[in-house]
Amino acid sequence: MRVLVVTAVAAEAGAAAAGESAVLPGGYALTRGPVLDAVVAGVGPAAAAAATATALTAAGPGAYGLVVSAGIGGGFVPHAPVGSLVVADAIVAADLGADTPEGFLPVDELGFGRSVHHPPAALSARIAEVLGAAHAPVLTVSTVTGTAERAAALARRHPRAAAEAMEGFGVAEAAAVHGLPVVEIRAVSNAVGPRDRSAWRIGEALDALRGAFRRLTPVLAKEQP
Ligand SMILES: O=C(O)c1cccc(C(=O)CC[C@H]2O[C@@H](n3cnc4c(=O)[nH]cnc43)[C@H](O)[C@@H]2O)c1
């Protein structure tokens with residue numbers, strides 16, 4: 001099956017796929033590989049949704065059997081150390097909702113839309129197994145966590161969460177509109193917690209992402225849509 005990979009930046013797309021370069025409507029850079037195409041969406045859930053929808057519409061119905069949100073991310077201690085991989089068993093919009101004196105209310109509890117997308121359970125479990133990755137919820141946030149307090153609050157609300165990043169839920173929303181399954185893969189570049197730029201290991205995480213797609217591509221190629 002052919003797969004659309006959506007990343008925030010070009011370095012992540014380059015770790016996922018190699019092939020011919022193209023430019024999609026809206027100016028999105030697309031790498032067309034034999035199995036995987038990778039589109040560079042920009043940072044954040046809104047940019048990710050816009051790019052995913054554009055790429056899926058440009059390709060037309062039936063072009064892809066799966067959409068993958070991929071990139072670096074923050075890991076929740078102790079579930080996901082720096083350099084490790086996380087495959088989402090749930091893609092959670094962790095800061096989409098309302099703040100109240102009693103705590104955070106997710107958007108679905110307010111009566112609007114949804115706050116969780118579920119990747120196909122068997123496929124995401126198999127990908128996690130192939131990659132030796134944690135198989136756990138990945139949170140989508142619009143603000144990178146930078147304090148111990150917010151990290152603790154997210155962990156209280158989502159005790160199984162292994163990672164946070166900024167695009168997965170946007171990719172999942174667009175994939176759902178096109179009737180396609182979604183998977184999220186994160187390579188951990190930093191721990192979720194107090195901001196410490198010097199502790200980010202972006203090169204190590206990109207190497208882990210590259211290794212993951214090297215192992216994954218032949219597996220996905222054999223997969224039926
Ligand atoms: O100013 C900062 O603290 C800072 C340092 C480096 C990068 C950022 C970003 O906003 C890039 C976010 C980008 O990378 C993914 N990502 C990586 N780690 C995390 C994280 O701990 N929490 C959320 N997102 C993360 C994310 O998916 C974006 O594509 C800020």
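Here the residue index of a chain counts from 1 through its sequence in written order. Reporting of local features is limited, given that this is a predicted model, to residues whose pLDDT is at least 70; pairs of side-chain atoms are given and counted only at 80 or more, and all residues count toward the totals for whole chains, interfaces and linings. Side-chain measures were taken over the full set of non-hydrogen atoms in the model, leaving aside hydrogen atoms and water.

As annotated in an unreviewed UniProt entry, the protein chain carries the name Futalosine hydrolase and comes from Streptomyces sanyensis. According to the UniProt record, the Function (unreviewed entry) comment for the protein chain is "Catalyzes the hydrolysis of futalosine (FL) to dehypoxanthine futalosine (DHFL) and hypoxanthine, a step in the biosynthesis of menaquinone (MK, vitamin K2)." UniProt positions are given in the numbering used here, feature names are shortened, and annotations may be inferred rather than shown by experiment. The annotation that UniProt attaches to the protein chain under Pathway (unreviewed entry) is "Quinol/quinone metabolism; menaquinone biosynthesis."

The next subject is the pattern of salt bridges. For side chains of opposite charge, pairing can occur when their charged atoms come near one another. Whenever Lys or Arg places a side-chain nitrogen within 4 Å of a carboxyl oxygen from Asp or Glu, that contact is recorded as a salt bridge. Applying the stated criterion across every chain, the model contains six salt bridges. Here Arg 126 ties to Glu 223 by a salt bridge, and the two come within 2.2 Å at their closest N and O atoms. In this pair, Arg 126 sits in helix α3 (residues 121–131) while Glu 223 sits in the segment after α6 (202–222), placing the two residues 97 residues apart along the sequence. You can call Arg 126 partly exposed: its relative accessible area is 37%. Residue Arg 186 is joined to Glu 167 by a salt bridge in which the shortest nitrogen-to-oxygen separation is 3.2 Å. Placement of Arg 186 in strand β12 (residues 182–191) and of Glu 167 in the loop between β11 (163–165) and α5 (168–177) is noted, with a sequence separation of 19 residues between them. Glu 167 shares its class with Arg 186; the two are buried. Put simply, DSSP marks the helices as runs of H or I at least four residues long and the strands as runs of E at least two long, and each gets a number from the N terminus on. Three labels apply to residues, based on accessible area from a 1.4 Å probe with only protein chains included: buried if under 20% of the type maximum, exposed if over 50%, partly exposed otherwise in between.

Right, let's talk about the packing of aromatic side chains for a bit. Here a Phe, Tyr or Trp ring, Trp counted by its six-membered ring, pairs with any other such ring whose centre lies within 6.5 Å, and the pair is stacked when the planes are under 30 degrees apart, edge-to-face when over 60, and tilted otherwise. Counted according to the given criterion, the structure contains zero aromatic pairs. Only when the NZ of Lys or the CZ of Arg is both within 6 Å of the ring centre and within 35 degrees of the ring normal is a charge said to sit over the ring. One Lys or Arg, Arg 197, reaches over the ring of Trp 200 and ends 6.0 Å from the middle of that ring.

Turning our eyes to something else, we now look at the packing of α3 against α6. To define axes, lines are fitted to C-alpha atoms, for helices over the stretch in contact only, and angles between the resulting N-to-C directions are given on a 0 to 180 degree scale. At a closest axis distance of 10 Å, the pairing of α3 and α6 adopts a crossing angle of 135 degrees. By the angle class used here, α3 and α6 are oblique. At the point where α3 passes α6, the crossing takes the right-handed sense. Taken together, the residues of α6 that come into contact with α3 (itself represented by Arg 126, Ile 127, Val 130 and Leu 131) are Ala 212, Arg 215, Leu 216, Val 219 and Leu 220. Put simply, angles under 35 degrees are roughly parallel, angles over 145 are roughly antiparallel, angles from 65 to 115 are roughly perpendicular, and the rest are oblique. Left-handed describes a crossing whose near helix is turned anticlockwise from the far helix through less than a right angle; right-handed describes the clockwise counterpart. Contact between two residues is taken to exist if any of their heavy atoms lie within 4.5 Å; hydrogens are not considered.

What follows deals with the site of the ligand. Taken together, 16 residues lie near the ligand, and Glu 164, Met 166, Glu 167, Asn 190 and Arg 195 sit nearest. In the environment of the ligand, an oxygen atom lies 2.4 Å from a nitrogen or oxygen atom belonging to the side chain of Arg 195. In short, Shrake-Rupley with a 1.4 Å probe defines the accessible areas, and a residue's cover is counted only from the protein chains shown. When the free accessible area of the ligand is taken as 610 Å², the share hidden by the protein chains comes to 83%. Think of a 1 Å grid over the protein atoms and nothing else: a 1.4 Å probe that fits but is trapped marks a cavity, an open set flanked by protein within 12 Å on at least five of seven lines marks a pocket, and residues with an atom within 4 Å of a point count as lining. What decides whether a molecule sits in a cavity or pocket is whether more than half of its atoms lie within 2 Å of the grid points. Spatially, the ligand is embedded in the largest pocket. Elements supplying a minimum of two residues to the shell around the ligand: β5 (66–75), β11 and β12. Put simply, Ala, Val, Leu, Ile, Met, Phe, Trp, Tyr, Cys and Pro go in the nonpolar bin, Asp, Glu, Lys and Arg in the charged bin, and everything else, Gly too, in the polar bin. Residue composition of the shell around the ligand, by class: seven nonpolar, four polar and five charged. One heavy atom within 4 Å of a molecule or strand is enough for the residue carrying it to be called near that molecule or strand. Two N or O atoms form a polar contact when they lie within 3.5 Å of each other; inside protein one atom must be a possible hydrogen donor and the other a possible acceptor, and for residues adjacent in sequence the pair counts only when both atoms belong to side chains.

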